[in-house]
Amino acid sequence: MKAAVATEFKSPLEIKEVETPQVTSGKVLVQIHACGVCHTDVHACHGDWPVKAKLPLIPGHEGVGQIIEIAGDVHHLVVGDRVGIPWLHSACGHCDYCLDGNENLCPEQQNSGYSVDGAYAQYCLADANYVVKIPDNLSFVEAAPLFCAGVTTYKALKVSGAKPGQWVSIVGVGGLGHLAIQYAKAMGFNVIAVDTGNEKLSLAKDLGASMVVDYTKEQPEAAIKDRIGGVHASVVTAVSKSAFAAAYRSLRRGGTCVLVGLPPETLPLPIFDTVLNGTKVIGSIVGTRKDLKECLQFAADGKVKSIIETAELKDINHVYARMLRGEINGRVVLAMK
Ligand SMILES: [Zn+2]
Ligand SMILES: [Zn+2]
């Protein structure tokens, strides 16, 4: 099969012929129709994080397609099922976290396009228990970004504890943020978007933000506190320490700051204010199969739509370069057919 392969950290991906994986017990083989490109894929190929990706690596954790082969011991799926293979490639299923329904925290988890090969390829092997079915009326290209960007933002909003009618700020209107605004709106929250530039801020308004703040023109915490007294929750998808700090300060008392973006810095928390204001700071990482099922349904119901640009597998190095320069609005999806 054809695949994009990283053989060394920081080197360009090579498009080459590799062996199509064999179906073994508990697995399904998925013919990939589309795969979204996530910033994490670039980090994986650059060896940026303390736990390194396997090498050689086929990246991609927003792969969607059709099951073409199935192990004899898998009975809940059939050949032809339309499924996606998320970042959470598999979990152990029996640790305390898995038993609590927090499989995304399982210490034994495998990650697609990181610890096991992902979907920048014509075919991808998946764990039958961890693929998630795609609703019929959602196309492959539309569904792909929801398998990471969608579920990540939807889960962050869930753990924020915000209630319908309350104010939520979405900091960063990029690949994650543009989906976060729509999920927040669909969940009944009032949305404030924080970013800079007319293009991003008018996009945020078009997607349903009631208020936008350009952080280069006004201080987000001052603007938000002046106008509405602070937000009940903030979901930070931006990758700068200053964005996290401003989001924290824009909370009202009892508010929740949900950290999603992954800047390399640390965030010094003022203990006195955190205690007196009853502030919560929560990290949120992707989501469970149940979260994915819910988040796909929002899109199938027409309440959430990714902004998508399609590209071909052979263009991947160009897509990475543009991503690193911050030139991509929404999500690039590799269309395999
Ligand atoms: Zn991702
Ligand atoms: Zn587990």
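My aim in this report is to walk through the structure given alongside it, one point at a time. (Residues numbered from 1 in each chain as written. Chains lettered and ligands numbered in written order. Predicted model: local features only at pLDDT ≥ 70, side-chain atom pairs only at ≥ 80, totals over all residues. Heavy atoms only, no water.)

### A short note on the pattern of salt bridges
Okay, step 1: Per the stated rule, a full pass over the model turns up 16 salt bridges.
Okay, step 2: The salt bridge partner of Arg289 is Glu103, with a shortest N-O separation of 2.8 Å. Taken together, the positions of Arg289 in helix H10 (residues 289-300) and Glu103 in the loop between helix H2 (96-99) and strand E7 (110-111) put the pair 186 residues apart, joining distant regions of the chain.
Okay, step 3: Since its relative accessible area comes to 7%, Glu103 is described here as buried.
Okay, step 4: Between Arg227 and Glu218 there is a salt bridge whose closest N-O contact spans 2.8 Å.
Okay, step 5: The exposure class of Arg227 is partly exposed, given its relative accessible area of 43%. (Salt bridge = Lys/Arg side-chain N within 4 Å of Asp/Glu carboxyl O. Helix = DSSP H or I, 4+ residues; strand = E, 2+ residues; numbered from the N terminus. Buried < 20%, exposed > 50% of the residue type's maximum accessible area, 1.4 Å probe, protein only.)

### Points about unusual backbone geometry
Okay, step 1: In this structure, the amide linkage connecting Leu55 to the following residue, Pro56, adopts the cis form with an omega of -10°.
Okay, step 2: Phi angles above zero are rare outside glycine, and Lys10 is one such case at about 70°.
Okay, step 3: Residue position: Lys10 is located in the loop between strand E1 (2-5) and strand E2 (14-17).
Okay, step 4: According to the relative accessible area criterion, Lys10 is exposed, its value standing at 60%.

### Structural notes on the pairing of strand E8 (residues 123-127)
If a strand is regular, its side chains alternate between the two faces of the sheet.
Okay, step 1: Most of E8 sits inside the fold, with four of its five residues counted as buried.
Okay, step 2: Strand direction decides the pairing type here: strand E3 (residues 27-36) and E8, joined by five bridges, are antiparallel. Directly across from Val30, in E8, lies its bridge partner Cys124. (Pairing = 2+ DSSP bridges.)

### Considering the coordination of the zinc ion (ligand 1)
Okay, step 1: Coordination of the zinc ion (ligand 1) by the protein comes from Cys38 (SG), His61 (NE2) and Cys148 (SG), over a distance range of 2.0 to 2.2 Å.
Okay, step 2: Written as a sequence motif, the donor arrangement for the zinc ion (ligand 1) is C-x22-H-x86-C. Residue Cys38 is located in the loop between E3 and helix H1 (39-46), and its partner Cys148 is located in the loop between helix H3 (140-143) and helix H4 (149-159); the two are separated by 110 residues in the primary sequence. By the burial criterion, Cys38 is buried, and Cys148 matches it. (Donors = N, O, S within 2.8 Å, 3.2 Å for Na, K, Ca; no water.)

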